[in-house]
Structure formats: structure tokens, C-alpha cells
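Architecture and fold: a report
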Amino acid sequence: MNIFVVGLNHKTADVDVREKLAFNGPKLEEGLTRLRALPDVKEVVILSTCNRVEIYTNVRDPQKASGSIKEFISGFHGINRDSLETSLYIHENIAAVKHIFRVASSLDSMVVGEPQILGQLKDAFDIALTKKTTGVLLNRLMKKAISVAKRVRTETKIAENAVSISFAAVELAKKIFEELSTKSFMLLGAGEMAELAARHLMNNGVKDVIVANRTFETGCNLAKEFNGRAVRFEDFPHEMVNADIVICSTGASKYVLLKDQMQKVMKERRHKPVFIIDISVPRNIDPEINDIDNVYLYDVDDLQGVVDSNVQERRKEAEKGEGIIAEEVETFQRWQSSLDAVPTIVALRERADAIKKEEVDKLLNKLHGLGEKEKKDIEYTAAAIINKLIHPPTVALKEDSEDKDVLIATIKRLYGLNEKGE
Amino acid sequence: MNMTATIFFELALTFYFAAAIIGIVELFKGTKTTARMMLLSVILGFALHTISIIYRYVIAGHIPISNPHEATSFFSWCTVLLFLLLEFRYKIGLLGSFIMPVIFMLMLSSSMLPREIRPLSPVLQSYWFGIHAILAFLGNAAFAMAFGIGMMYLVQEHYVKSRHPGGLFQRLPSLQSLDEINYRLITIGFPLLTLAIITGAIWADKAWGGYLRGDPREVLSIATWLIYAIVLHARLIAGWRGRRAAVLSVIGFLIILISFFGIKLFKKGLHVFL
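1. A closer look at the domain arrangement of chain A
As far as domains go, chain A holds domain 1 (2-160), domain 2 (165-306) and domain 3 (337-414). Relative to domain 3 of chain A, the C-alpha centre of domain 2 of chain A lies at a distance of 81 Å.

2. Description of the interface of chain B and chain A
At the interface, 26 residues of chain B touch 27 residues of chain A. When the two sides are added together, the surface that chain B and chain A hide from each other amounts to roughly 2200 Å², 43% of it contributed by carbon and sulfur. For chain B, the biggest contributors to the area lost against chain A are B:K161, B:R163 and B:Q170; these three give 32% of the whole. Viewed at the interface, chain A and chain B are joined by 3 salt bridges. One salt bridge in this structure joins A:D293 and B:R243, with 3.1 Å as the shortest N-O distance. Across the chain B-chain A interface, the total number found is 20 residue pairs in polar contact (both at pLDDT 80 or more).

3. Overview of the sheet that holds strand β1 (residues 2-9) of chain A
All names here are of chain A. A sheet is described by the order of its strands in space; here 4 strands give the open sequence β2-β3-β1-β4, paired in antiparallel fashion. In the strand order of this sheet, the two ends are held by β2 (41-48) and β4 (89-92), each with one partner. Within this sheet the neighbouring strands show an average axis-to-axis angle of 15°, counted without direction. Sheet topology note: the β1/β4 ladder contains 4 bridges and is antiparallel. Counted as the bridge partner of V6 is I90 from β4. Contacts from helix α3 (residues 62-77) reach β1, β2, β3 (52-59) and β4 within the one sheet, and its direction differs from that of β1 by about 35°.

4. Structural notes on the side chain of A:R18
Residues and elements named next belong to chain A. As for its placement among the helices and strands, R18 is situated in helix α1 (residues 15-21). Here R18 sits buried without a salt bridge, and the closest side chain of opposite charge, D14, lies 5.8 Å off (N-O distance). At 2.9 Å, the side chain of R18 forms a polar contact with the backbone oxygen of C50. With residues up to four places along the chain from it excluded, the contact list for R18 reads L8, N9, H10, A13, C50, N51, R52 and V53.

5. A short note on the pairing of β1(A)
Residues and elements named next belong to chain A. Burial within β1 is extensive, with 8 of its 8 residues counted as buried. Neither face of β1 is exposed, since N2, F4, V6 and L8 on one face and I3, V5, G7 and N9 on the opposite face are all buried. Of the strand pairs in this sheet, β1 and β3 are connected by 8 bridges, and their pairing is antiparallel. Paired with L8 across the two strands is V53, which belongs to β3.

6. A look at the packing of aromatic side chains
Aromatic rings considered in pairs are described by the distance between their centres and by the relative angle of their planes. Inspection of the entire model under this criterion finds 14 aromatic pairs over all chains. Seen from their ring centres, A:F23 and A:F76 are 5.4 Å apart, and the 25° between their planes marks the pair as stacked. With A:F23 in the loop between α1 and α2 (26-37) and A:F76 in helix α3, the pair connects residues that are 53 residues apart, well separated along the chain. With a relative accessible area of 13%, A:F76 lands in the buried category. Relative to B:W77, the ring of B:F46 lies with its centre 5.3 Å away and its plane at 15°, an arrangement referred to as stacked.

7. A word on the domain arrangement of chain B
All names here are of chain B. As assigned here, chain B comprises domain 1 (1-120) and domain 2 (124-274). Between domain 1 and domain 2, the C-alpha centre-to-centre distance is 19 Å. Of the residues lining the interface, 28 residues belong to domain 1; the matching set on domain 2 comes to 35 residues. For the pair domain 1 and domain 2, the two sides together bury roughly 2700 Å², of which 83% comes from carbon and sulfur. For the pair domain 1 and domain 2, the number of links is 0 salt bridges. Counting every contact that joins domain 1 to domain 2 gives 3 residue pairs in polar contact (both at pLDDT 80 or more). Of all the secondary structure elements, the ones that give two or more residues to the side of domain 1 that touches domain 2 are α1 (2-28), α3 (68-90) and α4 (95-111). The leading source of residues in the side of domain 1 that touches domain 2 is α3, at 11 residues. Counted by class, the side of domain 1 that touches domain 2 contains 20 nonpolar, 7 polar and 1 charged residues.

8. Topic: the sheet that holds strand β5 (residues 184-188) of chain A
Residue and element names in this part refer to chain A. The parallel open sheet is built from 6 strands, whose spatial order is β7-β6-β5-β8-β9-β10. Two strands close off the open sheet at either side, each with one partner strand: β7 (229-232) and β10 (295-299). Between one strand axis and the next, the sheet turns by 20° as a mean value, whatever way the strands run. As defined by bridge partners, strand β9 (residues 274-278) adjoins β10 across 5 bridges and the pair is classed as parallel. Across the sheet, residue V274 finds its bridge partner in β10, namely V295.

9. Observations concerning the pattern of salt bridges
Residue and element names in this part refer to chain A. In the structure shown here, the tally under the stated rule is 31 salt bridges over all chains. We note a salt bridge from R102 to D108, for which the minimum N-O separation is 3.5 Å. Exposure remark for D108: the relative accessible area of 5% places this residue in the buried category. R283 is the salt-bridge partner of D299, the closest N and O atoms lying 3.1 Å from each other. One end of the pair, D299, is in strand β10; the other, R283, is in the loop between β9 and β10, and 16 residues separate them in sequence.

What counts and what doesn't
Starting afresh in each chain, residues are numbered from 1 along the sequence in its written order. Each chain gets a letter, beginning with A, and each ligand a number, beginning with 1, in the order they are written. With the structure being a predicted model, the display of local features is reserved for residues of pLDDT at least 70 and the display and counting of side-chain atom pairs for 80 or more, all residues being used for whole-chain, interface and lining totals. With hydrogens and water stripped out, all remaining heavy atoms of the structure feed into the side-chain values. Residue ranges assigned to each domain were obtained from an automatic or database domain assignment. Whether two residues touch is decided by their heavy atoms; if any such pair falls within 4.5 Å, the residues are in contact. Put simply, buried area is the surface a 1.4 Å probe can reach on two separate parts but cannot reach once they are joined, added for both. Within this document, salt bridges are pairs made up of a side-chain nitrogen of Lys or Arg and a carboxyl oxygen of Asp or Glu, the two lying within 4 Å of each other. The definition of a polar contact used here is a pair of N or O atoms within 3.5 Å, where within protein one atom must be able to donate a hydrogen and the other to accept one, and adjacent residues in sequence count solely through side-chain atom pairs. In this scheme, strands are said to pair when DSSP sees at least two bridges between them. The way it works is that DSSP assigns letters per residue, a run of H or I at least four long becomes a helix, a run of E at least two long becomes a strand, and they are numbered from the N terminus. Axes here refer to lines fitted to C-alpha atoms; in helices the fit is confined to the stretch in contact. Angles between the N-to-C directions go from 0 to 180 degrees. Each residue is placed in one exposure class: buried if its accessible area under a 1.4 Å probe, protein chains only, is under 20% of its type's maximum, exposed if it is over 50%, and partly exposed if it falls in between. A positive count includes Lys and Arg, and a negative count includes Asp and Glu. His and the chain ends are not counted in either. Pairing of aromatic rings covers Phe, Tyr and Trp, the last through its six-membered ring, and needs centres within 6.5 Å; plane angles under 30 degrees mean stacked, over 60 mean edge-to-face, and all others mean tilted. Charged means Asp, Glu, Lys or Arg here, nonpolar means Ala, Val, Leu, Ile, Met, Phe, Trp, Tyr, Cys or Pro, and polar covers whatever is left, Gly included.

Okay, here's the thing in C-alpha cells:
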């Protein structure tokens, strides 16, 4: 039994290689079936996302399996074996377990701590389960990987802070306003970044949208898209009285909103807080506006600064995650070695021999005057009885079976074989 | 005997101390366990505190607010009560970390004041005295909570305004909800304080013949009342909210503390028992 991983990710392969090797939809099921059919492969799970393609297997002989799995990949996707070699990595046993735990916990992700990977791993496992390509080892490994990922998520702050500009903006908005659904939002200008941020805000519940664009037409189209209303650009300072969140990217070369204008707006707003995000370069909003009470102005650099420090924070948390994983790998290894039948067979044998010796000695002490031959016969019979008794469980332990862990546990319990340290 | 009340009081003080320490630890290293442990300490402390107050009530036969020790203790009790109500109603993250150290300091100063139960002095043997005192303490408790919430607002606002949202940013509530709770607390505390001042004046009239005697406590109470009146007025009329409201609620409570303890340094005035 060997856990074996063959794969590639965003670090080892460019997107054009990754997309060629992806197992999408029906390809995934076919891939599972065909891999499972390889003589070296006993169990298989395929994880295929846009950032990684990984094949998790339980193989008889890693050396042989390595060759046949690579052969399969190049054949299945029609890719030259040599060009594959540079992108693929291979992990065996402990290293493989650690790798899978790290992937599940999002420590190996492009954006460390992103939560999607765990869902993708669960899906990959589900499909393998329905195709019945997994067994004791991978089932346990996948379930463990999922629970380790959850543990890392709850015990560290790896997924806590936003690590993209638009998410950082939404996060800030949520700490200024309790409930975004009652807030209105103004889009000043219609850049691509602004639209993206707008979408994030809408996804977080903002409903009321006002669009002010220099070209009124464009503004109208955008407003329609967001289910909002368009206003003339000249009117925006007046409209700002109603806007709680403003995203600005007009492409103007000078400030379109000055401090004294904003002071007037705030007075009319009765000092209700306003969150202004200026993502234009050069900036369109006078930075001094931030000095006004209840006005919170962020420009692109400010948001990038927030993102950078969040990334730092995640790195620190990732280190804690590595610690948790090291612990869990050890636990898994202990479980895996308990799967090994040999110690159980030995223990069973020893136990039987001990019983035999004890009982034969007792008997020989009681019976006097026996000749050497009789003594030998008694011992022989006793040995034959215990051998016959322990033969079937020994054979069962030596066989390759799906539920071996259950079998080992049962035999240990029935014969009272408690290993040291358990 | 006095002893039993003292033991319960000391135990309550110990639990409040534990809560304050856990609260401060929570600021640096917050986990679910620390939060739960803090709340548990507060609840245990509050239960013991309640018993000690009831005990003194039974022995003395009147509400135990007739000497500085009892008054400070009762004030702390009202504040903890309000804290627990807020905690269960709103689940405000980190509120305990901001307010429990204050409550502990109040209780500590109470513990250092003489505790003997004395017969009620004749001026205090009035129906109005009890009402006046309870209203005043409940009102001040609301202002104490507004102080804690105001401090939280100022910290959170600093993170947002400085464009460096780190530290406690994630764990503190949003500015809007802090501002709203602060406002609500002041709208609770203000009428209580107003009624306390009115009942106090009526009682003063009965006891000494005259509504105002011009002692420093009265002056400071009126000053406090004015501050909170400004907070409410400015909010309703000019829309003053957020930072200014938070700053005023912090200042207001500091004045309350001064009038509560500072006055004693002068050892003068009519509120000698307080």
C-alpha cells in the first residue's frame, strides 16, 4: 500500500499546459475508470481545477506506477511525454499525505487561504466515490484531508482577511456600515475596475445604484445593467447627498471633487458616514476630503496597502497551518501502520504459543511417569490444535482485502491482542 | 453578620478581576475560549455580587447605598447588569474587554472604602432618596456602557480613517452599529439622569429646604446632564454622529467619574455619603 501523487500546479505549469491536462466533465469519469484499470493502481482520485491537476492513488509499486500513470496522462491528453516531465511532480507516502493535506488546507494555493479548493476536493472525492475507484486508504485519506482543512481554517486566521482590492473594499464597507442592503451606491465614471467593485458590492446586498458618467449614454447603459438610475455628471455632487458608498474612476486629469464641496455635501447628508473609493490614477478626489468627519476615503494605493498587509497576515497564519499539518500527518501515519497485518500475525502467533506452553506445562506437571514419546505426543497435539485454530485468521490477514483495517481491529479484539502503546 | 456580605463582595471582586484580565488578554489573543471564560467570570461575579447586596439590604433594612462603599458597589452592579443585558441582546465582540477593566476599577475603589453598616442618617431616611439614587445609578450605568462603546468606536474609527485596518479591525463591530448602540444607551441614560436630578431636587427641598444647594456634586451632575443633552440635541438637530458623539460620551463619563470620586477629595458638600 503506497499513497502516490502525480500532479502539476500553477507553480510548475503555465496555464496553456494546465488547460490541456484538465479533466473536465465526462473526461474526469473516464480518466478515473481508466486509471483504476491500470494494473499498478488500486485506488484513484482525480482533482482537476484551473490551478492544478493532481492524481491521488494507492499503488502497489510506486516505481512502476509512476511510469504507467505518466504514460496514461500523455496518452489520454495527447501530449508529448517529455514536455510533460518538466511540469509534473511526484510525491510518495508521507510526502504525498502532507501534500494532499496542504492542498486541501489551501496552503499550496496561488492565493493562500482561498476557500474554493476544499469544495473542489470534496467534489473530486464524491465523483471517485460514485465511480467506486477508492478504497480503505484513499477514503480515509480524503476524509482526513477535509477535516484537517477545516481544522486549519478554524484554528488559524488563514482565510480571514481580504486579499483582493475589490474584496478589501467590500470588507471595509461592512465595517463602516452594518447592513449594506439599505445603503445606496454611486458609480462615478465607468472603468472596468469600478464595475468589478460594483458587482462585489451588489453581491453583498447593495441595491440602490446611481451612475454618473461624463457620457450620459454610457452611464444609462451601465445603470440599466445594475438596475439603477443614471444622472448627469454635473449633478453628481448634488446626488452624493444620497450615496453612502462612492466608487470613482473618471479618468479626469484633475480633482473632480474638492474638500469644500464635500463639506457641503456632508452637511446636507446630516453627517451620515460616506465611504469613497477613488480608483482613478491620477486621483480624481482631493485626498484632503478624508479629514472631514465621517468621510472615509481610500485610493488604489490605500486598498493595495490593506491587501498587502492582509497577505502578510495570511503568511504568518499559514505557518501555524503547517504545524497543524505536520501533527496530522503523523497521526495518519500511525493509523496507516496499524493497517499493516504483519505485527498482528506475529502477535497472534505469540499469544497462541504462550497459551500452548502454559497449558502443556500444567498438564505435564500433573501427570507423572510419562515417557519422552508421550510427552512429545502431547506437545505435538497441542501445537496442532492451536495451529489449526489460528490458521484461518492468519490467512485472512495475509489476504489483500478492502476492509482490512476492520479485520485487523476485529482480530485484535477477539484474541485480546493489545499491542504496546495502544 | 457583616462578614458574609464581605466574603461575597470579595469573591465578586475576584471574579471581576479575572474577567478584566481575561478581557485584556482577549484583545491580544482572542479565541472562543477566552470570550466564554470572560463571560462566565462576569456571570459568576455578578451572581455573588447580587448576593452580597441583598445580604447588606437584609441586615441594614434599606437599600445598601448609604455609604461610599455601598454606593460604588451598587453603581458597579448596575453597570454589570447592563453589560450582561447588552451582551446577550447584541453580542458585541470585545465589549467586555473595554468595559470590564472599568468595572473592576470601580469595584476595587469600592473595596478600599470603609464598609461598616451604619444606621441611616436622618436626611437619607426619605422615600425620595432611594428613588433618586437608583435612577442616578441606572442612568450612570448606561453612560458607563456608552463610554465603553464610544471607546470602541474611536478605536475602530481610527483603523478605518488611518487606512490601516489591522489589529482589532476584524473583531470590532461596524462603526454604524457602535454608533447606534451608543445613541440608544444615551437615550436610556439621559431620561434616567433627568429624573434623578428632579427627584434629587425634591428630596433636597424636603431635607434642607431648597432645590439646589450649590454643592460641587450638584454642579457636576448638571454639567453631565448638559453634555448628554448636547449629544442628543446635536444628533437630532445637526446630525452630529459618529466620532463626535463618541468623544462626547467618553468625556461625559469621565465627568461622572470625577463627580463620583473627585468630590470626596474635598470632603465637603452635602453628598458626604457618596
